[in-house]
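Here is how the chains run, residue by residue.
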Amino acid sequence: MRIGVIDSGVGGLSILNAVRESVPAQYIYCMDNQYLPYGTKSELFIRQRLQQLTHHLLEQYKVDLVLIACNTATTQAVDYLRQQFALPFVGVVPAIKPAAHYCGIQPFAVLATQATVNGPYIEQLVAEFAPKNDVQLIASSELVLLAEQKVWYRCDVTAEVRRVLLDTPLAQSNVAALVLGCTHFPFLTEEIRACLGQSVRLFDTAEAIARRVKQLQLQFGFSQPEDGVVDVFVSTAELDLIQQGRLAELGFGQHQCWPNPAGVEQAYSSVSSLS
C-alpha cells in the first residue's frame, strides 16, 4: 500500500506519526514548502495546487490513498478532489465534535489558520456539533511558522508562542478546551499548555485519522509494503542542510525535490548520505 500525504509544511507529520503506528504502508510525504503556509492562500489556489500535487503522487508513485494532512486544505479542497480523482481521500477537520462532547455547555476555543477560521466549514461544524456552546474562533499563521522552527531546527519557541497566544482573546477567556485546528499545532502542545495552564483540555484529530486510514486499508484490501521499501519525503522547494539532516530522524529514507531545481540531474538522493 502506498499512501500520499500532503501539507504545506511539517504539520502533517503530527498526523503521519499516528497513522504509521497502525497502518503498514509506504508513505510519500509531499511538503509544499514553496507555498507555506496554506492558511494565507485563497480557496481557488489551494484547490488547484492540491489537484496538481495529487496528479504528481499518482503518476510518480501510484499511490492508493491520499491523506490531506492539513485542516485548511481539507476544508477548502477535499470535496473538490474527490470529484476529480477515483481514489480515496482522507482529510482532517477540527475536533469540534469531541470538544463539544467534553465541554457540555461550557465555552471552548478553536485555534486554526485564518483560512480555516474564515471558511464556512467551521461554521457548519459549530452549528451541527456545538450549537449551545460559546465557541471562540482564533486565527494564527505565526504559530505555523513557529512549529516549523521547532521541528526542523529544535528551536525553543516557548516565549514566542506565549506572546502570540497572549495577543489573542484566549488571554482573557475562560475556556474549558482548545481545539488545535491546524496540524502544525500539536507540535506546540507543551508551549500552549505552559501558557494556558493544565486545566485546558487540548483536542486534535491524529488518532481518529489513524483509525479511518486503517478502516480504508481493510475495506479495500490494500497490500502491505514489500521488504526494504522506504518512505519518501518530497519537497517543492529545496531544503537546507539542517533540514536534509533531519529527514532520517523523521523516518524518511529518500528525498526528492519536485519540480527539480535547475541544474540538478538526480531527482532522488539517499537521506543517509545527507545526514
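Residues numbered from 1 in each chain as written. Predicted model: local features only at pLDDT ≥ 70, side-chain atom pairs only at ≥ 80, totals over all residues. Heavy atoms only, no water.

Chemist: Just checking my understanding: could you explain the overall build of the chain for this structure?
Modeler: On a plain count of helices and strands, the chain comes out with 12 helices and 11 strands. At 18 Å, the chain has a C-alpha radius of gyration in line with the 19 Å of a compact globule built from 275 residues. With respect to the three principal axes, the spread of C-alpha positions in the chain is 55 × 40 × 35 Å. Across the 275 residues of the chain, 53% fall into the buried class. Of the contacts made within the chain by residues no fewer than 6 positions apart, 71% connect residues no fewer than 24 positions apart. Of the roughly 12,600 Å² of accessible surface on the chain, 48% is carried by carbon and sulfur atoms. Seen as two clouds, the 19 positive and the 26 negative side-chain charges of the chain have centres 6 Å apart. (Helix = DSSP H or I, 4+ residues; strand = E, 2+ residues; numbered from the N terminus. Rg over C-alpha atoms; globule rule 2.2 N^0.38 Å. Buried < 20%, exposed > 50% of the residue type's maximum accessible area, 1.4 Å probe, protein only. Contact = heavy atoms within 4.5 Å. Areas by Shrake-Rupley, 256 points an atom, 1.4 Å probe, with all protein chains shown as cover. Lys, Arg positive; Asp, Glu negative; His and termini not counted. Charge placed at Lys NZ, Arg CZ, Asp CG, Glu CD.)

Chemist: I'm lost on the sheet that holds strand β5 (residues 108-112) in this one. Help?
Modeler: Backbone-to-backbone hydrogen bonds join strands into a sheet, with any given pair of strands oriented parallel or antiparallel. Reading across the sheet, the 4 strands line up as β6-β5-β7-β8 and stay open at both edges, with parallel pairing between neighbours. Edge positions in the sheet fall to β6 (135-139) and β8 (201-203), since each of these pairs with one other strand and no more. Taking each pair of neighbouring strands and ignoring which way they run, the sheet shows an average axis angle of 20°. Pairing between strand β7 (residues 177-180) and β8: 3 bridges, direction parallel. (Pairing = 2+ DSSP bridges. Axes fitted to C-alpha atoms, helices over the stretch in contact; angles between N-to-C directions.)

Chemist: What should I look at first to understand empty space enclosed by the protein in this one?
Modeler: With a probe scaled to a water molecule rolled over the atoms, the places where space remains empty come into view. Applying the stated rule across the entire model yields 1 cavity of 30 Å³ or more. When its volume is computed, the largest cavity comes out at roughly 60 Å³. Residues belonging to the lining of the largest cavity are distributed by class as follows: 5 nonpolar, 6 polar and 1 charged. (1 Å grid on protein atoms, 1.4 Å probe; cavity = no way out; pocket = protein on both sides within 12 Å on 5 of 7 lines; lining within 4 Å. Points joined across faces, edges and corners; volume = space filled by probe spheres on them. Nonpolar A, V, L, I, M, F, W, Y, C, P; charged D, E, K, R; others polar.)

Chemist: Explain the packing of helix α4 (residues 96-103) against helix α6 (residues 120-129) here, please?
Modeler: Between two packed helices, both the angle of their axes relative to each other and the distance between the axes serve to describe the pair. Axis separation between α4 and α6 bottoms out at 9 Å; the angle between their running directions is 35°. In the packing of α4 onto α6, the handedness of the crossing is right-handed. Between α4 and α6, the contacting residues are I96, K97 and A100 on the first element and I122, L125, V126 and F129 on the second. A per-class count over the contact of α4 with α6 returns 6 nonpolar, no polar and 1 charged. (Left-handed = near helix turned anticlockwise from the far one by under 90°.)

Chemist: Looking at this model, I keep getting lost on the nonpolar core. Mind explaining?
Modeler: The nonpolar side chains of soluble globular proteins are, as a tendency, buried together. If you look at the biggest cluster of nonpolar residues, it comprises 55 residues, and the most contacted ones within it are I3, V19, L67, L143 and L178. Ranked by residues supplied to this core, first place goes to helix α7 (residues 142-153) with 6 residues. Once you skip the residues sitting within four places of it in the chain, L67 turns out to touch I3, G4, V5, I6, I15, V19, V90 and I209. (Core = buried A, V, L, I, M, F, W, Y, C linked by side-chain atoms within 4.5 Å.)

Chemist: Would you mind going over helix α3 (residues 71-84) with me for this structure?
Modeler: Each α-helix turn comprises 3.6 residues. Residues three or four places apart therefore point the same way. In a regular helix each residue adds 1.5 Å, so 14 residues correspond to 20 Å; α3 covers 20 Å between its end C-alpha atoms and thus fits that length. Its maximal kink placed at A77, α3 deviates by approximately 55°. Within α3 the residues assigned to the buried category are N71, T72, A73, T74, T75, Q76, A77, V78 and L81. Packing partners of the buried residues in α3 comprise α2 (43-61), β3 (65-68), β4 (89-91), α5 (114-118) and α6. (Expected span 1.5 Å × (residues − 1). Bend = angle between axes of the 7 residues up to and from the residue.)

These values are about where atoms sit, not about what they do.
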